[in-house]
Amino acid sequence: MSRPVTLSSPDSSAERAQPFFGLRMKMHVAARQVEDMLEQILPQPAGLHSRVHEAMRYAIFAGGKRLRPFLVLSCAKLFGVEGSRSLRVAAAIEALHTYSLIHDDLPCMDDDDLRRGRPTTHVAFDEATAVLAGDALLTIAFEILSDPATHPSADVRCRLVAELAKAAGSAGMVGGQMIDMLAAEQPLGYNETVVLQRMKTGALFEFCCEAGAILAQASPDDHDRLRNYARDFGLLFQITDDLLDAVGTVESAGKAVAKDQQQGKATLVSILGVAGARQEASRLAQRAGASLEPYGADADDLRDLPLFLIDRDA
Ligand code: IPE
Ligand code: IPE
Ligand code: MG
Ligand code: MG
Ligand code: MG
(Lines give C-alpha, C1' and ligand atoms only; values in the text may rest on other atoms or scores of the structure.)
(Ligands and ions follow the chains in the order given, each with its own letter.)
Protein backbone atom coordinates (compact mmCIF):
# COMPACT_ATOMS: atom_id res chain seq x y z
CA MET A 1 0.00 0.00 0.00
CA SER A 2 1.21 3.57 -0.67
CA ARG A 3 2.38 5.75 2.15
CA PRO A 4 -0.18 8.20 3.55
CA VAL A 5 0.07 11.57 1.86
CA THR A 6 1.42 13.87 4.55
CA LEU A 7 3.91 16.68 4.53
CA SER A 8 6.53 15.21 6.80
CA SER A 9 8.74 17.37 8.98
CA PRO A 10 12.00 17.64 7.04
CA ASP A 11 14.92 17.08 9.40
CA SER A 12 18.12 16.35 7.48
CA SER A 13 20.40 19.14 6.25
CA ALA A 14 19.81 17.90 2.68
CA GLU A 15 16.09 18.46 3.19
CA ARG A 16 16.72 21.87 4.70
CA ALA A 17 18.54 22.88 1.54
CA GLN A 18 15.53 21.96 -0.62
CA PRO A 19 13.45 24.71 -2.20
CA PHE A 20 10.52 26.01 -0.16
CA PHE A 21 11.91 24.46 3.05
CA GLY A 22 10.48 27.26 5.21
CA LEU A 23 7.08 27.04 3.56
CA ARG A 24 6.96 23.26 3.95
CA MET A 25 7.75 23.57 7.65
CA LYS A 26 4.96 26.09 8.13
CA MET A 27 2.52 23.83 6.27
CA HIS A 28 3.57 20.96 8.49
CA VAL A 29 2.92 22.97 11.66
CA ALA A 30 -0.45 24.22 10.36
CA ALA A 31 -1.48 20.68 9.47
CA ARG A 32 -0.76 19.40 12.99
CA GLN A 33 -2.67 22.35 14.51
CA VAL A 34 -5.78 21.74 12.44
CA GLU A 35 -5.59 18.01 13.17
CA ASP A 36 -5.54 18.80 16.91
CA MET A 37 -8.59 21.01 16.44
CA LEU A 38 -10.41 18.32 14.44
CA GLU A 39 -9.52 15.76 17.11
CA GLN A 40 -11.29 17.94 19.67
CA ILE A 41 -14.30 18.72 17.48
CA LEU A 42 -15.17 15.45 15.75
CA PRO A 43 -17.41 13.14 17.79
CA GLN A 44 -15.77 10.12 19.41
CA PRO A 45 -17.32 6.83 18.28
CA ALA A 46 -20.29 6.28 20.58
CA GLY A 47 -23.86 5.01 20.56
CA LEU A 48 -25.70 2.71 18.18
CA HIS A 49 -24.44 4.85 15.29
CA SER A 50 -20.73 4.75 16.26
CA ARG A 51 -19.91 3.31 12.83
CA VAL A 52 -20.53 6.68 11.18
CA HIS A 53 -18.17 8.37 13.67
CA GLU A 54 -15.49 5.77 12.89
CA ALA A 55 -15.83 6.37 9.16
CA MET A 56 -15.65 10.18 9.60
CA ARG A 57 -12.45 9.82 11.60
CA TYR A 58 -11.03 7.23 9.20
CA ALA A 59 -11.41 9.63 6.27
CA ILE A 60 -10.17 12.73 8.10
CA PHE A 61 -7.17 11.29 9.93
CA ALA A 62 -5.68 9.62 6.87
CA GLY A 63 -3.15 12.33 6.14
CA GLY A 64 -3.83 14.79 3.36
CA LYS A 65 -1.95 17.98 2.66
CA ARG A 66 -4.30 20.19 4.69
CA LEU A 67 -3.86 22.82 2.04
CA ARG A 68 -7.22 24.50 2.53
CA PRO A 69 -6.58 24.96 6.27
CA PHE A 70 -3.16 26.44 5.46
CA LEU A 71 -4.81 28.98 3.18
CA VAL A 72 -7.40 29.92 5.79
CA LEU A 73 -4.71 30.41 8.44
CA SER A 74 -2.33 32.31 6.13
CA CYS A 75 -4.99 34.69 4.81
CA ALA A 76 -6.42 35.30 8.29
CA LYS A 77 -2.88 36.06 9.55
CA LEU A 78 -2.60 38.94 7.06
CA PHE A 79 -5.20 40.72 9.21
CA GLY A 80 -4.01 39.52 12.63
CA VAL A 81 -7.08 37.31 13.24
CA GLU A 82 -6.93 35.36 16.51
CA GLY A 83 -5.51 31.87 15.87
CA SER A 84 -8.26 29.84 17.55
CA ARG A 85 -10.90 31.47 15.32
CA SER A 86 -9.12 30.78 12.06
CA LEU A 87 -8.28 27.24 13.22
CA ARG A 88 -11.98 26.51 13.69
CA VAL A 89 -12.73 27.76 10.17
CA ALA A 90 -9.79 25.67 8.93
CA ALA A 91 -11.24 22.59 10.65
CA ALA A 92 -14.66 23.27 9.10
CA ILE A 93 -13.29 23.51 5.58
CA GLU A 94 -11.15 20.37 5.99
CA ALA A 95 -14.23 18.45 7.16
CA LEU A 96 -16.20 19.66 4.16
CA HIS A 97 -13.33 18.95 1.76
CA THR A 98 -13.01 15.42 3.15
CA TYR A 99 -16.73 14.86 2.53
CA SER A 100 -16.17 15.89 -1.08
CA LEU A 101 -13.37 13.34 -1.43
CA ILE A 102 -15.43 10.50 0.09
CA HIS A 103 -18.29 11.16 -2.33
CA ASP A 104 -15.96 11.80 -5.30
CA ASP A 105 -14.48 8.30 -4.81
CA LEU A 106 -17.82 6.44 -4.73
CA PRO A 107 -18.51 3.85 -7.45
CA CYS A 108 -21.22 6.13 -8.92
CA MET A 109 -18.67 8.96 -9.29
CA ASP A 110 -14.94 8.33 -9.96
CA ASP A 111 -14.99 4.80 -8.55
CA ASP A 112 -11.64 4.90 -6.75
CA ASP A 113 -10.20 2.39 -4.25
CA LEU A 114 -7.29 4.40 -2.88
CA ARG A 115 -7.28 7.81 -1.17
CA ARG A 116 -4.59 9.43 0.93
CA GLY A 117 -2.64 6.17 0.68
CA ARG A 118 -5.44 4.04 2.16
CA PRO A 119 -8.51 2.17 0.92
CA THR A 120 -11.29 4.68 0.20
CA THR A 121 -14.00 4.99 2.83
CA HIS A 122 -16.59 2.95 0.89
CA VAL A 123 -14.00 0.15 0.49
CA ALA A 124 -12.91 0.20 4.15
CA PHE A 125 -16.55 0.39 5.36
CA ASP A 126 -19.37 0.16 2.79
CA GLU A 127 -21.16 2.52 0.43
CA ALA A 128 -23.99 3.48 2.76
CA THR A 129 -21.56 4.27 5.57
CA ALA A 130 -19.39 6.31 3.20
CA VAL A 131 -22.36 8.37 1.99
CA LEU A 132 -23.45 8.99 5.57
CA ALA A 133 -19.93 9.84 6.81
CA GLY A 134 -19.68 12.33 3.95
CA ASP A 135 -23.06 13.83 4.84
CA ALA A 136 -22.01 14.16 8.48
CA LEU A 137 -18.68 15.84 7.59
CA LEU A 138 -20.52 18.28 5.33
CA THR A 139 -23.01 19.23 8.00
CA ILE A 140 -20.53 19.42 10.89
CA ALA A 141 -18.68 22.11 8.92
CA PHE A 142 -21.69 24.42 9.36
CA GLU A 143 -22.08 23.43 13.01
CA ILE A 144 -18.46 24.52 13.60
CA LEU A 145 -18.90 27.84 11.79
CA SER A 146 -22.13 28.72 13.58
CA ASP A 147 -20.66 28.11 17.06
CA PRO A 148 -19.94 31.36 18.98
CA ALA A 149 -16.39 30.03 19.62
CA THR A 150 -15.67 30.69 15.93
CA HIS A 151 -16.44 34.41 16.23
CA PRO A 152 -18.33 36.50 18.80
CA SER A 153 -20.22 38.38 16.08
CA ALA A 154 -23.36 36.62 14.80
CA ASP A 155 -23.06 38.66 11.57
CA VAL A 156 -19.59 37.26 10.93
CA ARG A 157 -20.70 33.69 11.68
CA CYS A 158 -23.72 34.10 9.42
CA ARG A 159 -21.55 35.39 6.59
CA LEU A 160 -19.13 32.47 6.96
CA VAL A 161 -22.05 30.01 6.83
CA ALA A 162 -23.61 31.71 3.79
CA GLU A 163 -20.33 31.93 1.84
CA LEU A 164 -19.39 28.32 2.53
CA ALA A 165 -22.89 27.16 1.57
CA LYS A 166 -22.60 29.00 -1.77
CA ALA A 167 -19.08 27.70 -2.42
CA ALA A 168 -19.98 24.08 -1.66
CA GLY A 169 -23.42 23.97 -3.30
CA SER A 170 -24.82 23.79 -6.81
CA ALA A 171 -23.37 27.20 -7.75
CA GLY A 172 -19.93 25.95 -6.69
CA MET A 173 -18.40 22.57 -5.94
CA VAL A 174 -21.48 20.39 -6.40
CA GLY A 175 -22.31 22.15 -9.68
CA GLY A 176 -18.74 21.62 -10.83
CA GLN A 177 -18.89 17.93 -9.94
CA MET A 178 -22.10 17.71 -11.99
CA ILE A 179 -20.37 19.21 -15.04
CA ASP A 180 -17.39 16.89 -14.42
CA MET A 181 -19.68 13.84 -14.60
CA LEU A 182 -21.60 15.11 -17.66
CA ALA A 183 -18.37 15.90 -19.51
CA ALA A 184 -17.68 12.18 -19.86
CA GLU A 185 -20.54 12.09 -22.40
CA GLN A 186 -20.14 15.54 -23.89
CA PRO A 187 -16.58 16.86 -24.41
CA LEU A 188 -15.94 20.45 -23.27
CA GLY A 189 -13.83 23.24 -24.80
CA TYR A 190 -11.26 25.44 -23.02
CA ASN A 191 -13.67 28.05 -21.62
CA GLU A 192 -16.18 25.47 -20.38
CA THR A 193 -13.39 23.45 -18.76
CA VAL A 194 -12.19 26.56 -16.94
CA VAL A 195 -15.75 27.13 -15.66
CA LEU A 196 -15.90 23.50 -14.49
CA GLN A 197 -12.57 23.68 -12.63
CA ARG A 198 -13.36 27.04 -11.04
CA MET A 199 -16.61 25.57 -9.73
CA LYS A 200 -15.57 22.09 -8.62
CA THR A 201 -12.25 23.09 -7.03
CA GLY A 202 -11.85 26.86 -7.13
CA ALA A 203 -15.00 27.76 -5.21
CA LEU A 204 -13.80 26.13 -1.96
CA PHE A 205 -10.40 27.79 -2.30
CA GLU A 206 -12.15 31.15 -2.73
CA PHE A 207 -13.97 30.54 0.52
CA CYS A 208 -10.70 29.58 2.30
CA CYS A 209 -9.03 32.85 1.33
CA GLU A 210 -12.00 35.13 1.81
CA ALA A 211 -12.71 33.62 5.24
CA GLY A 212 -9.68 35.52 6.59
CA ALA A 213 -11.19 38.81 5.44
CA ILE A 214 -14.62 37.86 6.81
CA LEU A 215 -13.17 36.95 10.23
CA ALA A 216 -11.28 40.26 10.30
CA GLN A 217 -14.25 42.28 9.03
CA ALA A 218 -11.77 43.66 6.50
CA SER A 219 -12.43 46.18 3.73
CA PRO A 220 -14.13 45.37 0.39
CA ASP A 221 -10.73 45.89 -1.29
CA ASP A 222 -9.21 43.20 0.91
CA HIS A 223 -12.05 40.82 -0.02
CA ASP A 224 -11.45 41.54 -3.73
CA ARG A 225 -7.69 40.93 -3.50
CA LEU A 226 -8.11 37.62 -1.71
CA ARG A 227 -10.84 36.49 -4.09
CA ASN A 228 -8.67 37.36 -7.10
CA TYR A 229 -5.73 35.44 -5.63
CA ALA A 230 -7.96 32.46 -4.87
CA ARG A 231 -9.55 32.39 -8.34
CA ASP A 232 -6.14 31.94 -9.93
CA PHE A 233 -4.96 29.63 -7.18
CA GLY A 234 -7.98 27.32 -7.52
CA LEU A 235 -7.61 26.88 -11.25
CA LEU A 236 -3.87 26.34 -10.85
CA PHE A 237 -4.48 23.76 -8.15
CA GLN A 238 -6.80 21.67 -10.31
CA ILE A 239 -4.29 21.88 -13.19
CA THR A 240 -1.61 20.48 -10.86
CA ASP A 241 -4.01 17.74 -9.74
CA ASP A 242 -4.66 16.85 -13.36
CA LEU A 243 -0.88 16.88 -14.04
CA LEU A 244 -0.50 14.49 -11.10
CA ASP A 245 -2.97 12.16 -12.79
CA ALA A 246 -1.13 12.45 -16.11
CA VAL A 247 2.49 12.12 -14.94
CA GLY A 248 2.48 11.20 -11.23
CA THR A 249 2.74 7.85 -9.46
CA VAL A 250 0.30 6.05 -7.17
CA GLU A 251 3.09 5.68 -4.57
CA SER A 252 3.61 9.39 -4.06
CA ALA A 253 0.08 10.62 -4.87
CA GLY A 254 -1.55 8.07 -2.55
CA LYS A 255 -4.45 7.78 -5.02
CA ALA A 256 -5.04 6.33 -8.47
CA VAL A 257 -3.36 8.04 -11.41
CA ALA A 258 -3.72 7.77 -15.20
CA LYS A 259 -7.52 7.62 -14.95
CA ASP A 260 -8.70 11.02 -16.18
CA GLN A 261 -8.18 10.26 -19.86
CA GLN A 262 -9.68 6.79 -19.51
CA GLN A 263 -12.77 8.22 -17.78
CA GLY A 264 -13.10 11.04 -20.33
CA LYS A 265 -12.53 13.80 -17.75
CA ALA A 266 -12.46 17.38 -19.02
CA THR A 267 -9.07 18.79 -17.97
CA LEU A 268 -6.79 21.58 -19.13
CA VAL A 269 -4.03 18.96 -19.42
CA SER A 270 -6.03 17.15 -22.11
CA ILE A 271 -6.66 20.45 -23.92
CA LEU A 272 -3.23 22.13 -23.55
CA GLY A 273 -0.95 19.09 -23.14
CA VAL A 274 1.42 18.59 -20.19
CA ALA A 275 3.85 21.37 -21.16
CA GLY A 276 1.05 23.81 -22.00
CA ALA A 277 -0.77 23.08 -18.73
CA ARG A 278 2.45 23.68 -16.76
CA GLN A 279 2.90 26.99 -18.55
CA GLU A 280 -0.66 27.99 -17.77
CA ALA A 281 -0.10 27.08 -14.10
CA SER A 282 3.04 29.29 -13.99
CA ARG A 283 1.12 32.18 -15.51
CA LEU A 284 -1.64 31.77 -12.91
CA ALA A 285 0.92 31.57 -10.07
CA GLN A 286 2.46 34.90 -11.12
CA ARG A 287 -0.91 36.58 -11.42
CA ALA A 288 -2.11 35.18 -8.09
CA GLY A 289 1.00 36.56 -6.37
CA ALA A 290 0.50 39.97 -7.95
CA SER A 291 -3.02 40.24 -6.47
CA LEU A 292 -1.45 40.31 -3.00
CA GLU A 293 1.07 43.05 -3.70
CA PRO A 294 -0.33 45.53 -1.13
CA TYR A 295 0.47 43.07 1.69
CA GLY A 296 4.21 43.10 0.90
CA ALA A 297 6.37 40.51 2.66
CA ASP A 298 3.45 39.42 4.89
CA ALA A 299 2.06 37.58 1.86
CA ASP A 300 5.33 35.83 0.89
CA ASP A 301 4.07 32.37 1.88
CA LEU A 302 0.88 32.89 -0.11
CA ARG A 303 2.96 33.95 -3.13
CA ASP A 304 5.31 30.95 -2.78
CA LEU A 305 2.56 28.37 -2.30
CA PRO A 306 1.35 28.19 -5.94
CA LEU A 307 4.97 28.03 -7.17
CA PHE A 308 5.63 25.18 -4.74
CA LEU A 309 2.53 23.31 -5.93
CA ILE A 310 3.41 23.39 -9.63
CA ASP A 311 6.07 20.70 -9.10
CA ARG A 312 4.29 18.71 -6.42
CA ASP A 313 4.20 14.91 -6.57
CA ALA A 314 1.46 14.43 -3.95
C1 IPE B 1 -7.86 16.58 -4.06
O2 IPE B 1 -7.51 17.60 -3.18
C3 IPE B 1 -9.15 16.90 -4.72
C4 IPE B 1 -9.12 18.06 -5.59
C5 IPE B 1 -9.86 19.10 -5.41
C6 IPE B 1 -8.27 18.06 -6.75
P7 IPE B 1 -6.16 17.58 -2.37
O8 IPE B 1 -5.02 17.24 -3.30
O9 IPE B 1 -6.03 18.84 -1.60
O10 IPE B 1 -6.36 16.33 -1.40
P11 IPE B 1 -5.76 16.05 0.05
O12 IPE B 1 -6.61 16.79 1.01
O13 IPE B 1 -4.32 16.50 0.08
O14 IPE B 1 -5.89 14.56 0.22
C1 IPE C 1 -12.35 16.22 -7.36
O2 IPE C 1 -11.52 16.29 -8.48
C3 IPE C 1 -12.73 17.54 -6.90
C4 IPE C 1 -13.68 17.45 -5.78
C5 IPE C 1 -14.60 18.32 -5.68
C6 IPE C 1 -13.60 16.41 -4.79
P7 IPE C 1 -10.80 14.93 -8.85
O8 IPE C 1 -11.76 13.83 -9.04
O9 IPE C 1 -9.80 15.17 -9.93
O10 IPE C 1 -9.99 14.67 -7.48
P11 IPE C 1 -9.10 13.39 -7.20
O12 IPE C 1 -8.05 13.35 -8.31
O13 IPE C 1 -10.00 12.21 -7.20
O14 IPE C 1 -8.47 13.70 -5.87
MG1 MG D 1 -13.77 13.64 -9.57
MG1 MG E 1 -11.63 11.81 -8.27
MG1 MG F 1 -7.83 14.34 -10.00
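Further up the page is the structure itself.
Residues numbered from 1 in each chain as written. Chains lettered and ligands numbered in written order. Predicted model: local features only at pLDDT ≥ 70, side-chain atom pairs only at ≥ 80, totals over all residues. Heavy atoms only, no water.

Caption draft 1: Structural detail: empty space enclosed by the protein. Counting across every chain of the model gives two cavities of 30 Å³ or more. One number sums up the size of the largest cavity: a volume of about 740 Å³. In terms of lining, the largest cavity is formed by 41 residues, of which the most central are Leu-101, Asp-104, Arg-115, Asp-241 and Lys-255. The set of elements that each furnish at least two residues to the lining of the largest cavity consists of helix 4 (67-78), helix 5 (83-104), strand 1 (114-115), helix 9 (173-182), helix 10 (190-216) and helix 11 (220-247). The element that contributes the greatest number of residues to the lining of the largest cavity is helix 11, accounting for six residues. (1 Å grid on protein atoms, 1.4 Å probe; cavity = no way out; pocket = protein on both sides within 12 Å on 5 of 7 lines; lining within 4 Å. Points joined across faces, edges and corners; volume = space filled by probe spheres on them. Helix = DSSP H or I, 4+ residues; strand = E, 2+ residues; numbered from the N terminus.)

Caption draft 2: Molecular detail of the coordination of the magnesium ion (ligand 4). Asp-104 (OD) and Asp-110 (OD) make up the full set of protein donors to the magnesium ion (ligand 4), lying at 2.1 Å. For the pair the magnesium ion (ligand 4) and the magnesium ion (ligand 3), the metal-to-metal distance amounts to 3.1 Å, and Asp-104 bridges them. The class for Asp-110 is buried, based on a relative accessible area of 10%. (Donors = N, O, S within 2.8 Å, 3.2 Å for Na, K, Ca; no water. Buried < 20%, exposed > 50% of the residue type's maximum accessible area, 1.4 Å probe, protein only.)

Caption draft 3: Spatial organisation of the side chain of Thr-240. Tracing the backbone shows Thr-240 in helix 11. Residues contacting Thr-240, with those up to four places away along its chain left out, are Leu-309, Ile-310 and Arg-312. (Contact = heavy atoms within 4.5 Å.)

Caption draft 4: Expanded view of the environment of Val-247. Mapping Val-247 onto the fold places it in helix 11. Sequence spacing of Val-247 and Leu-137 is 110 residues, and the spatial spacing of their C-alpha atoms is 31 Å. Here Val-247 is in contact with Val-274 and Arg-278, once residues within four sequence places are set aside.

Caption draft 5: Highlighting the site of ligand 2. The environment of ligand 2 is made up of Ser-100, Asp-104, Asp-110, Arg-115, Met-173, Gln-177, Lys-200, Gln-238, Asp-241 and Lys-255. The contact in question runs from an oxygen atom of ligand 2 to an N or O atom on the side chain of Arg-115, over 2.7 Å. The separation between an oxygen atom of ligand 2 and a polar side-chain atom of Lys-200 is 3.2 Å. With the chains in place, 88% of the 380 Å² that ligand 2 exposes on its own is no longer accessible. Here ligand 2 is seated within the largest cavity. For the shell around ligand 2, the secondary-structure elements that each account for two or more residues are helix 5, helix 9 and helix 11. (Near = heavy atom within 4 Å. Polar contact = N/O pair within 3.5 Å; in protein donor to acceptor, adjacent residues only side chain to side chain. Areas by Shrake-Rupley, 256 points an atom, 1.4 Å probe, with all protein chains shown as cover. Sits in = over half its atoms within 2 Å of the grid points.)

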